[in-house]
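Architecture at a glance
Chain by chain, the residues run as shown.
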Amino acid sequence: MGTVEGTITERDIELLYESAEVATLSRAQGNHPFGALLADREGHILMTQGNEVVTEHNDCGHAETALLFRASKEYSRDFLSECTLYTTIEPCVMCTGALYWANVGRLVYGLTEHTLLELTGSNEENPTFSLPCRSVIDHGQKDIIVVGPVDDKSLRDRILKDHIGFWD
């Protein structure tokens, strides 16, 4: 049980770009530049979420966790097992735990948590973990398909754009 390596599709890339748009909006609204979305097995967007850390004064308001809390209230565990969480940055330990408990069966992310640490440095607003999502998933009792980081320079640059200068 644990991580199952998945393959990237053209639709996955499109939905990661959509997640980046959510991150841009999150930053424009005064929040941290993270974006996530949930899609069904056909790739239809079910919900999107930016960070709530600053605007909601919620230190647990990461985009992924906030989205997964909403999704777990709206959809059944069986339905969510067929869905994919898309996120601009690899989910932290908390967000990976929320993915696990919500029973979402697939994760696609753009950049690694390690890359995020390079961007944020020691910024107290985002003390990142040095623990890949795959390590968290591998300690669970479910198989979860994971795709990421995505090797697409244009997408990488698009995601980085929202972080450049933000954490200075």
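Here is a short report on the structure shown in this document. Every value quoted in this text rests on a predicted model; they were computed, and no experiment measured them.

Regarding the environment of threonine 65
With respect to the helices and strands, threonine 65 occurs in helix H2 (residues 63-74). In the structure, threonine 65 is positioned 74 residues away from histidine 139 in sequence and 19 Å away in space, judged by C-alpha atoms. Residues within four places of threonine 65 in sequence aside, it is in contact with Cys60, Met94, Cys95 and Ala98.

As for the side chain of lysine 142
Within the secondary structure layout, lysine 142 lies in the loop between helix H6 (133-138) and strand E6 (144-147). Buried and unpaired, lysine 142 has no salt bridge, with aspartate 78 as the nearest side chain of opposite charge at 9.9 Å. In terms of polar contacts, lysine 142 uses its side chain to reach the backbone carbonyl oxygen of tyrosine 100, at 2.5 Å. For lysine 142, the side chain forms a polar contact with the side chain of asparagine 103, separated by 3.2 Å.

Observations concerning helix H4 (residues 93-102)
For H4, the tally of buried residues reaches seven of ten residues, placing the bulk of the element in the interior. Of all the positions in H4, only Cys95, Thr96, Gly97, Ala98, Leu99, Tyr100 and Ala102 are classed as buried. The inward-facing, buried residues of H4 abut H2, helix H3 (77-80), strand E4 (84-89), strand E5 (106-111), H6 and E6. Within two residues after H4, asparagine 103 carries a phi angle of roughly 75 degrees, on the positive side.

Overview of the packing of H2 against H4
Where H2 meets H4, the axes come as close as 8 Å, and the angle between the chain directions of the two elements is 15 degrees. The pairing of H2 with H4 is recorded here as roughly parallel in orientation. By crossing handedness, the relation of H2 to H4 is classed as left-handed. Contact residues: H2 offers Glu64, Thr65, Leu68 and Ser72, while H4 offers Met94, Cys95, Ala98, Leu99 and Ala102. Taken together, the residues of the contact of H2 with H4 sort by class into six nonpolar, two polar and one charged.

Brief notes about the sheet that holds E5
Taken together, six strands build an open sheet; the order of strands is E1-E6-E5-E4-E2-E3 and the sheet is mixed. Since the sheet does not close on itself, it has two edges, and those belong to strand E1 (3-5) and strand E3 (45-50), each with one partner. The average undirected angle you get between the axes of adjacent strands in this sheet is 25 degrees. As paired strands, E4 and E5 are joined by five bridges and run parallel to one another. Residue leucine 85 lies in a different strand from E5, and its bridge partner there is leucine 107. Sitting on the sheet, helix H7 (residues 153-163) touches E4 and E5, and the angle it makes with E5 is about 70 degrees.

A short note on the packing of helix H1 (residues 10-28) against H7
Running from N to C, H1 and H7 point in directions that differ by 10 degrees, and their axes come no closer than 9 Å. What the angle tells us is that H1 and H7 run roughly parallel. Here Ile13, Leu16, Tyr17, Ala20, Glu21, Ala23, Thr24 and Arg27 of H1 lie close against H7, whose contacting residues are Ser154, Leu155, Arg158, Ile159, Lys161, Asp162 and His163. Tallied by class, residues from the contact of H1 with H7 come to seven nonpolar, three polar and five charged.

So, H2
Helix length check: H2, at twelve residues, gives a terminal C-alpha distance of 17 Å against a target of 16 Å (1.5 Å per residue), a fit within 8%. The set of residues buried in H2 consists of Ala63, Glu64, Thr65, Ala66, Leu67, Leu68 and Ala71. Looking at the packing, one finds that the buried side of H2 touches strand E2 (35-39), E3, H3, E4 and H4.

About the thresholds
Residues numbered from 1 in each chain as written. Predicted model: local features only at pLDDT ≥ 70, side-chain atom pairs only at ≥ 80, totals over all residues. Heavy atoms only, no water. Helix = DSSP H or I, 4+ residues; strand = E, 2+ residues; numbered from the N terminus. Contact = heavy atoms within 4.5 Å. Buried < 20%, exposed > 50% of the residue type's maximum accessible area, 1.4 Å probe, protein only. Lys, Arg positive; Asp, Glu negative; His and termini not counted. Salt bridge = Lys/Arg side-chain N within 4 Å of Asp/Glu carboxyl O. Polar contact = N/O pair within 3.5 Å; in protein donor to acceptor, adjacent residues only side chain to side chain. Axes fitted to C-alpha atoms, helices over the stretch in contact; angles between N-to-C directions. Parallel < 35°, antiparallel > 145°, perpendicular 65-115°, else oblique. Left-handed = near helix turned anticlockwise from the far one by under 90°. Nonpolar A, V, L, I, M, F, W, Y, C, P; charged D, E, K, R; others polar. Pairing = 2+ DSSP bridges. Expected span 1.5 Å × (residues − 1).

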